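Analysis of the macromolecular model
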Amino acid sequence: MITSPYEKYRQSSVQTSTPAQLVIMLYDGAIRFVRTAMDGLSKQDYEKTSLNFGKAQSIVSELMSTLDYSYEISNNLYSLYEYTNHLLIDANIRKSPEKAEEAIGYLTELRETWLQASKIAAGQGQAESAHG
């Protein structure tokens, strides 16, 4: 199967990433999909909106399913992911850019937290994370 150089790069970057980098990539994807859904909202393209909110919800669900509960913070993360997923569902049903913005806010904050944690862990030679 012939794949584009971009696809080869993406596959390589996923295969060579640390667990923390993969979590950050998931946040990046979720944020991108919510923004694309919001663009669909602004253009009243509800198929684009629904499709992209769905993709963001899938990523948040994946983040929820990969939590490692041997870390105390995982319960708090689960609650925050659950609320974020609720916001995405609500934004899609009610066509609410405000709910989508709130979800992006949480996803962005979480992404920044993971980014900082991964830098600290890399500096200490550890790559432990709440995601298994």
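Definitions and cut-offs
- Residues numbered from 1 in each chain as written.
- Predicted model: local features only at pLDDT ≥ 70, side-chain atom pairs only at ≥ 80, totals over all residues.
- Heavy atoms only, no water.
- Helix = DSSP H or I, 4+ residues; strand = E, 2+ residues; numbered from the N terminus.
- Buried < 20%, exposed > 50% of the residue type's maximum accessible area, 1.4 Å probe, protein only.
- Areas by Shrake-Rupley, 256 points an atom, 1.4 Å probe, with all protein chains shown as cover.
- Expected span 1.5 Å × (residues − 1).
- Contact = heavy atoms within 4.5 Å.
- pLDDT = per-residue confidence, 0-100.
- Axes fitted to C-alpha atoms, helices over the stretch in contact; angles between N-to-C directions.
- Parallel < 35°, antiparallel > 145°, perpendicular 65-115°, else oblique.
- Left-handed = near helix turned anticlockwise from the far one by under 90°.
- Nonpolar A, V, L, I, M, F, W, Y, C, P; charged D, E, K, R; others polar.
- Salt bridge = Lys/Arg side-chain N within 4 Å of Asp/Glu carboxyl O.

1. Details of the overall build of the chain
Helices and strands together make up the secondary structure of the chain, namely five helices and zero strands. The order of α-helices and β-strands along the chain, N terminus first, is α-α-α-α-α. Relative to its 132 residues, the chain shows a buried fraction of 36%. Taken as a whole, the chain presents about 8100 Å² of accessible surface, with 54% of it coming from carbon and sulfur.

2. Some remarks on helix H5 (residues 97-124)
Between its first and last C-alpha atoms H5 spans 40 Å; for 28 residues at 1.5 Å apiece the expected length is 40 Å, and the two agree. Those residues of H5 that fall on the buried side of the exposure criterion are Ala100, Ala103, Ile104, Leu107, Leu110, Arg111, Trp114, Ser118 and Ala121. Residues of H5 that are buried make contact with helix H2 (19-42), helix H3 (46-65) and helix H4 (73-94).

3. Let's talk about the confidence of the model for the chain
Looking at the chain, the pLDDT average stands at 89 and 83% of residues meet or exceed 70. When pLDDT is averaged over each element of the chain, H3 comes out on top at 98 and helix H1 (residues 5-15) at the bottom at 60.

4. Describing unusual backbone geometry
In this structure, Gln44 is a non-glycine residue whose phi angle is positive, near 55 degrees. Inspection of the secondary structure puts Gln44 in the loop between H2 and H3. Note on Gln44: relative accessible area 59%, which makes it exposed. For Lys95, which is not a glycine, the phi torsion comes out positive at approximately 55 degrees. Here Lys95 falls in the partly exposed class, since its relative accessible area comes to 30%.

5. Re the packing of H2 against H5
Helix-helix packing is characterised by the crossing angle of the two axes and by the distance between the axes. Contact geometry of H2 with H5 gives a least axis separation of 9 Å together with a crossing angle of 160 degrees. It follows from the interaxial angle that H2 and H5 lie roughly antiparallel. In this structure, the crossing between H2 and H5 has a hand that is left-handed. Residues Ala20, Val23, Ile24, Tyr27, Asp28, Ala30, Ile31, Val34, Arg35, Met38 and Leu41 of H2 form the contact with H5, whose own contacting residues are Pro97, Ala100, Glu101, Ile104, Leu107, Thr108, Leu110, Arg111, Trp114, Leu115 and Ser118. Residues of the contact of H2 with H5, tallied by class, amount to 16 nonpolar, two polar and four charged.

6. Overview of the pattern of salt bridges
Scanning all chains against the criterion turns up six salt bridges. Across the pair Asp90 and Lys99 runs a salt bridge, and its minimum N-O distance is 3.5 Å. Looking at Asp90, the relative accessible area reads 10%, which means it is buried. You can call Lys99 partly exposed: its relative accessible area is 28%. Two residues, Arg111 and Glu112, come together in a salt bridge whose shortest N-O distance is 3.1 Å. Accessibility expressed as a relative area gives 18% for Arg111, which makes it buried. Salt bridges sharing common partners tie together Asp28, Arg111 and Glu112.

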